[in-house]
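# Structural overview for review
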Amino acid sequence: MITLITNIQELLQVRETPINKVSGSEMANLPTIKNAFLILKDNLIEDFGSMENLPKINADTVIDAKGKVVLPSWCDSHTHIVYAGNREQEFVDRINGLSYEEIANRGGGILNSAKKLNETSEEELYNQSKIRLEEVMHLGTGAVEIKSGYGLTIEGELKMLRVIKKLAENYPISIKATFLGAHAFPTHYKENKDGYIDEIITKMIPEIAKNKLADYIDVFCESGYFSVEETEKIMQTGIEFGLKPKIHVNQFNSIGGIQAGVKFKALSVDHLEVMNPEDIQALKETETMPVALPSCSYFLSIPYTPAREMIKAGLPLALATDFNPGSTPSGNMNFVVATACIKMKMTPEEAINAATINGAYAMGLSETHGSITKGKKANLILTKPISSYYQIPYAFGSNLIESVFIEGKILK
Ligand code: NIG
Ligand code: FE
């Protein structure tokens with residue numbers, strides 16, 4: 001099955017030579033072909049170039065993309081899409097003056113979602129979650145990482161990870177699974193934190209690894225949640241069982257989580273709303289991808305990740321949604337890209353690099369996703385007619401997507 005897309009006004013993120021990420025000043029460079037063609041063969045990118053060099057081919061489908069932009073689909077490397085119910089009441093409580101921390105301290109927050117999740121059947125959890133997955137696919141996401149972490153019991157965590165596995169089996173989008181048992185301390189372990197860590201280390205991780213239910217291990221390393229020492233212990237065990245770390249750090253406080261992540265060769269360190277110069281320094285010359293979650297900053301009214309300082313220091317940066325019921329009830333990567341430009345002063349080129357190739361890197365998918373490269377997955381966004389790709393962040397509330405291709409097929 002061959003699809004030919006012709007007359008593409010701008011074909012973005014064209015990488016003839018495969019790369020796995022972009023850092024520092026390279027982030028400002030978004031290689032683009034104007035007036036381009038793109039050929040898809042089955043589920044892969046077969047060829048591309050300038051219309052002047054269009055080869056003679058017999059395509060099964062020809063799409064005229066005059067006035068439209070084509071780019072690789074978004075790579076959302078940090079989500080909590082699998083959850084039960086919602087937390088609308090906490091949203092209103094925050095409007096009325098309570099903080100995210102105050103809500104969590106009175107048993108709301110993550111524990112509220114954990115209660116709901118443990119009361120919800122696996123089938124119902126799947127049905128609620130697939131609606132969100134379908135929504136983000138239509139918003140242009142072509143690869144996604146999904147975390148557990150609302151079970152906080154072995155049964156609940158396994159249930160979440162089985163739902164993630166079932167979503168991966170039933171949908172064409174690439175899905176990576178992360179075990180986040182260390183998201184909060186469940187109520188019955190409040191006075192026995194070591195007991196819960198022991199359960200994660202001796203029961204949950206071995207069981208999850210045995211059943212191959214996760215690719216990565218995550219910990220919420222934060223004051224009042226998991227200390228640096230506890231985070232290291234959990235990462236260490238995860239690594240022993242083949243799970244590479246991707247961790248939540250520096251959301252509210254800088255307590256050394258980044259340094260711990262780097263020490264354990266974490267694939268990514270995520271959130272980074274609160275960064276001091278030592279944190280930036282620690283990430284230099286490492287393989288760990290910093291990931292910013294601007295929709296979370298927006299929704300909770302907390303600081304934005306200091307993208308400019310980090311890029312200036314030579315670091316790469318990825319962008320993801322953090323889609324979850326408490327801090328970010330939105331999985332819209334278009335909004336993330338726009339917010340990164342508007343609030344973090346990233347240029348459109350930097351934000352698109354961060355949401356495609358660097359996002360792919362942050363979930364171990366940059367060999368197959370995140371750029372227009374021969375042999376990579378034909379996961380694409382085709383926009384409506386727009387004046388230039390600057391419109392994507394500029395027209396921040398509009399849906400500019402005409403169609404989404406996943407594995408070479410237009411999403412219905
Ligand atoms: O990434 N910060 C930790 N975890 C999630 C939010 C969890 C929740 O409030 O349900 C986050 O923001
Ligand atoms: Fe998160």
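In this text, all values refer to a predicted model and were calculated from it rather than measured experimentally.

## Some words on the pairing of strand S15 (residues 401-406)
Strand residues, when the strand is regular, have side chains that alternate between the two faces of the sheet. Relative to S15, strand S14 (residues 380-383) runs antiparallel, the two sharing four bridges. Considered in S15, the bridge of Ile-381 is made with Val-404. Sheet analysis places S15 next to strand S16 (residues 409-410), joined by two bridges and oriented antiparallel. Following the sheet pairing, Ile-406 is matched in S16 by Lys-409. Counted along the chain from S15 to the antiparallel partner S16, the turn is two residues long, and its residue Glu-407 has a positive phi close to 50 degrees.

## Description of the site of ligand 1
Around ligand 1 sit Gly-109, Ile-110, Ser-113, Phe-220, His-248, Gln-251, Cys-296, Asp-322, Asn-324, Pro-325, Gly-326 and Ser-327, and those are all the residues in its vicinity. Classifying every residue of the shell around ligand 1 by side-chain character gives four nonpolar, seven polar and one charged.

## With respect to the domain arrangement of the chain
Split by domain assignment, the chain resolves into domain 1 (2-72 + 371-410) and domain 2 (75-361). For domain 1 versus domain 2, the separation of C-alpha centres amounts to 29 Å. Secondary structure elements with two or more residues in the side of domain 1 that touches domain 2: strand S5 (69-72), helix H15 (391-394) and S15. The biggest single contributor to the side of domain 1 that touches domain 2 is S15, with three residues. Each residue belonging to the side of domain 1 that touches domain 2 can be placed in one class, and the counts come to 17 nonpolar, seven polar and two charged.

## What to know about the nonpolar core
In this structure, Leu-38, Val-70, Leu-319, Val-337, Ala-340 and Ala-355 are the most contacted members of the largest nonpolar core, which totals 123 residues. Each of domain 1 (2-72 + 371-410) and domain 2 (75-361) contributes no fewer than three residues to this core. Contact partners of Val-337, with chain neighbours within four places excluded, come to Leu-319, Ala-351, Ile-352, Ala-355, Ile-392 and Pro-393.

## Some remarks on the UniProt feature "binding site: Zn(2+)" (unreviewed entry) in the chain
Following the UniProt record, the feature "binding site: Zn(2+)" (unreviewed entry) maps to His-78, His-80, His-248 and Asp-322 here. Taking the farthest pair of C-alpha atoms as the criterion, the annotated set spanning 245 residues converges on one region, since that pair is 12.2 Å apart. As for its placement among the helices and strands, His-78 is situated in the loop between strand S6 (74-76) and helix H1 (88-95). Under the C-beta neighbour-count criterion, His-78 is labelled buried, with 30 such atoms within 10 Å.

## Digging into helix H4 (residues 122-138)
Taking 1.5 Å per residue as the helical rise, H4 with its 17 residues ought to reach 24 Å, and the 24 Å between its terminal C-alpha atoms agrees with that figure. Every buried residue belonging to H4 is among Leu-125, Ser-129, Leu-133, Val-136 and Met-137, and all of these are buried. In the core, the buried residues of H4 are packed alongside S6, helix H3 (110-119), strand S7 (141-147), helix H5 (154-170) and S15. Backbone geometry just downstream of H4 places Gly-140 in the positive-phi region, at approximately 100 degrees.

## Section: the UniProt feature "binding site: N-formimidoyl-L-glutamate" (unreviewed entry) in the chain
The UniProt record annotates "binding site: N-formimidoyl-L-glutamate" (unreviewed entry) at Tyr-150, Asn-324 and Gly-326. In summary, the annotated positions, though distributed over 177 residues, converge in three dimensions, the widest C-alpha pair being only 11.1 Å. If you trace the backbone, Tyr-150 turns up in the loop between S7 and H5. The class of Tyr-150 is buried, set by 31 C-beta atoms lying within 10 Å. Setting aside anything within four residues of it in sequence, one finds Tyr-150 in contact with Tyr-83, Ile-110, Ser-113, Ala-114, Leu-117 and Met-160. Here Gly-326 lies in the loop between strand S13 (318-319) and helix H12 (333-344). Apart from residues no more than four positions distant in its own chain, Gly-326 is found in contact with Arg-87, Glu-90, Gly-109, Ile-110 and Ser-113.

Definitions and limits used
Residues numbered from 1 in each chain as written. Chains lettered and ligands numbered in written order. Predicted model: local features only at pLDDT ≥ 70, side-chain atom pairs only at ≥ 80, totals over all residues. Pairing = 2+ DSSP bridges. Helix = DSSP H or I, 4+ residues; strand = E, 2+ residues; numbered from the N terminus. Near = placed C-beta within 6 Å. Nonpolar A, V, L, I, M, F, W, Y, C, P; charged D, E, K, R; others polar. Domains from an automatic or database assignment. Core = buried A, V, L, I, M, F, W, Y, C linked by C-beta atoms within 7 Å. Buried ≥ 20, exposed ≤ 12 C-beta atoms within 10 Å, placed from the backbone. Contact = placed C-beta atoms within 7 Å. UniProt positions renumbered as here; feature names shortened; annotations may be inferred. Expected span 1.5 Å × (residues − 1).

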